[in-house]
Amino acid sequence: MNKLTTIIAAAASLAIAFVSSSITANAGDVLDNVLATKTLRVAAGTDWGTISFLNDKHELDGSDVDLAKAIAEKLGVKVEFVTPGWDIITSGKWQGRWDMAMGEMVPTKARAEKLDFHVYAYSPAVAIVHKDSKAAKLSDLDGKVIGVSTNSVQESYANHTLIADWVGAQPIEFQFTPGNVKIYGTVNIALDDLRLGDGVRLGAVLGDQEDVAGALKAGYPVKELAESLFFSPGAMSVLRGDKEFSDKIAEALQSVRDDGTLSKILIKWYGMDRSVKQ
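Description of the structure in this document. (Residues numbered from 1 in each chain as written. Predicted model: local features only at pLDDT ≥ 70, side-chain atom pairs only at ≥ 80, totals over all residues. Heavy atoms only, no water.)

This next bit is on unusual backbone geometry. Most peptide bonds take the trans form, and the phi angle of most residues other than glycine is negative. Despite not being glycine, lysine 38 has its phi angle at roughly 55 degrees, a positive value. Looking at the secondary structure, you find lysine 38 in the loop between α2 (29-37) and β1 (39-43). Phi is positive for asparagine 151, close to 55 degrees, though the residue is something other than glycine. Relative to the elements of secondary structure, asparagine 151 occurs in the loop between β7 (145-149) and α5 (153-158). (Helix = DSSP H or I, 4+ residues; strand = E, 2+ residues; numbered from the N terminus.)

Put into structure tokens, the structure is as follows:
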């Protein structure tokens, strides 16, 4: 083998090793780093409604923020927030930039190929319409332009491709057929278009019940249709491959559940204990 061939082969080996290590965490590495740095790096959103948002002081706030801090406290470390896009979080291509992601992610089978999940909340997926909309039931949305966030279960529902493969799921019934599905970076951006008026840009937005609460609190002229699309669990996620870290997060979550902290956080932000399946 000549020198050039040797260099090319070595570079290829390094590239393969890098790709392999970037897809999943190595056993014990994440937990070791969290404990060594005394820091839990958590991915959260700046515009995820009540879940996480920027408050008047331009600081992250919301139910997920409180819960992430409680988890970090149980681990005996501080929390550091990062704000990647939802599509990057769900892709599993974390590249070591954060240790855990919030967002009440639905633990689908496809996502479970890359991520481990720890469920902490339950919520119905709902249709949100402008307050002037004449829609009274889901079937009234037939042929409408429907806004959804990218890489969400609501996007799959709107496109009639959602398979309910999480634990305890009920079969999905597609109760209307959109005329067009419009994709947004977040539900909040879709709601910005919806508040312009019924049918101006959108006929409805599909989201979670907490999205409705956040929109109403912000003064958006919207309402929720009475029928739910489906009911699903919401989880925090960690990259697959580091069972020690995943187990430690599960232990910390169980602790905040047992001592009542989780219930208090959810009641504080939603007026109800969403940690219990309804």
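Below, the discussion takes up empty space enclosed by the protein. In this approach, a probe sized like a water molecule rolls over the atoms, and the result shows the empty space that is left. Summed over all chains, the structure comprises 1 cavity of 30 Å³ or more. Size it by volume and the largest cavity reaches roughly 380 Å³. Elements supplying a minimum of two residues to the lining of the largest cavity: β5 (100-105), β6 (115-130), α5, α6 (187-194), β9 (204-208), α7 (209-217) and β10 (222-239). Residues belonging to the lining of the largest cavity are distributed by class as follows: 10 nonpolar, 13 polar and 6 charged. (1 Å grid on protein atoms, 1.4 Å probe; cavity = no way out; pocket = protein on both sides within 12 Å on 5 of 7 lines; lining within 4 Å. Points joined across faces, edges and corners; volume = space filled by probe spheres on them. Nonpolar A, V, L, I, M, F, W, Y, C, P; charged D, E, K, R; others polar.)

Orientation of helix α3 (residues 63-75) relative to helix α9 (residues 261-270), taken along the N-to-C sense of each, is 160 degrees, at an axis distance of 9 Å. Of the possible angle classes, the one that applies to α3 and α9 is roughly antiparallel. Of the two elements, α3 crosses α9, and the hand of that crossing is right-handed. For the pair formed by α3 and α9, the contact residues are Ser63, Asp66, Leu67 and Ala70 on the first element and Thr261, Leu262, Ile265, Leu266, Lys268, Trp269 and Tyr270 on the second. (Axes fitted to C-alpha atoms, helices over the stretch in contact; angles between N-to-C directions. Parallel < 35°, antiparallel > 145°, perpendicular 65-115°, else oblique. Left-handed = near helix turned anticlockwise from the far one by under 90°. Contact = heavy atoms within 4.5 Å.)

With that out of the way, let us pick up the sheet that holds strand β8 (residues 180-184). Strand order in the open sheet made by the 8 strands is β4-β1-β5-β10-β6-β9-β7-β8, with mixed pairing throughout. Since the sheet does not close on itself, it has two edges, and those belong to β4 (78-82) and β8, each with one partner. Taking the axes of each pair of neighbouring strands and ignoring which way they run, one obtains an average angle of 30 degrees across the sheet. Across the sheet, α7 is in contact with β5, β6, β9 and β10; its angle to β6 comes to roughly 55 degrees. (Pairing = 2+ DSSP bridges.)

Among all positions of α7, only Glu210, Asp211, Val212, Gly214 and Ala215 are buried. Where the residues of α7 are buried, they touch β5, β6, α6, β9, β10 and α9. (Buried < 20%, exposed > 50% of the residue type's maximum accessible area, 1.4 Å probe, protein only.)

With that out of the way, let us pick up α6. Of the residues making up α6, those classed as buried are Val187, Ala190, Leu191, Asp193 and Leu194. Buried residues of α6, viewed axially, fall in a sector of 155 degrees; they line one side. Buried residues in α6 make contact with β6, β7, β8, β9, α7 and β10. (Arc of directions from axis to C-beta.)

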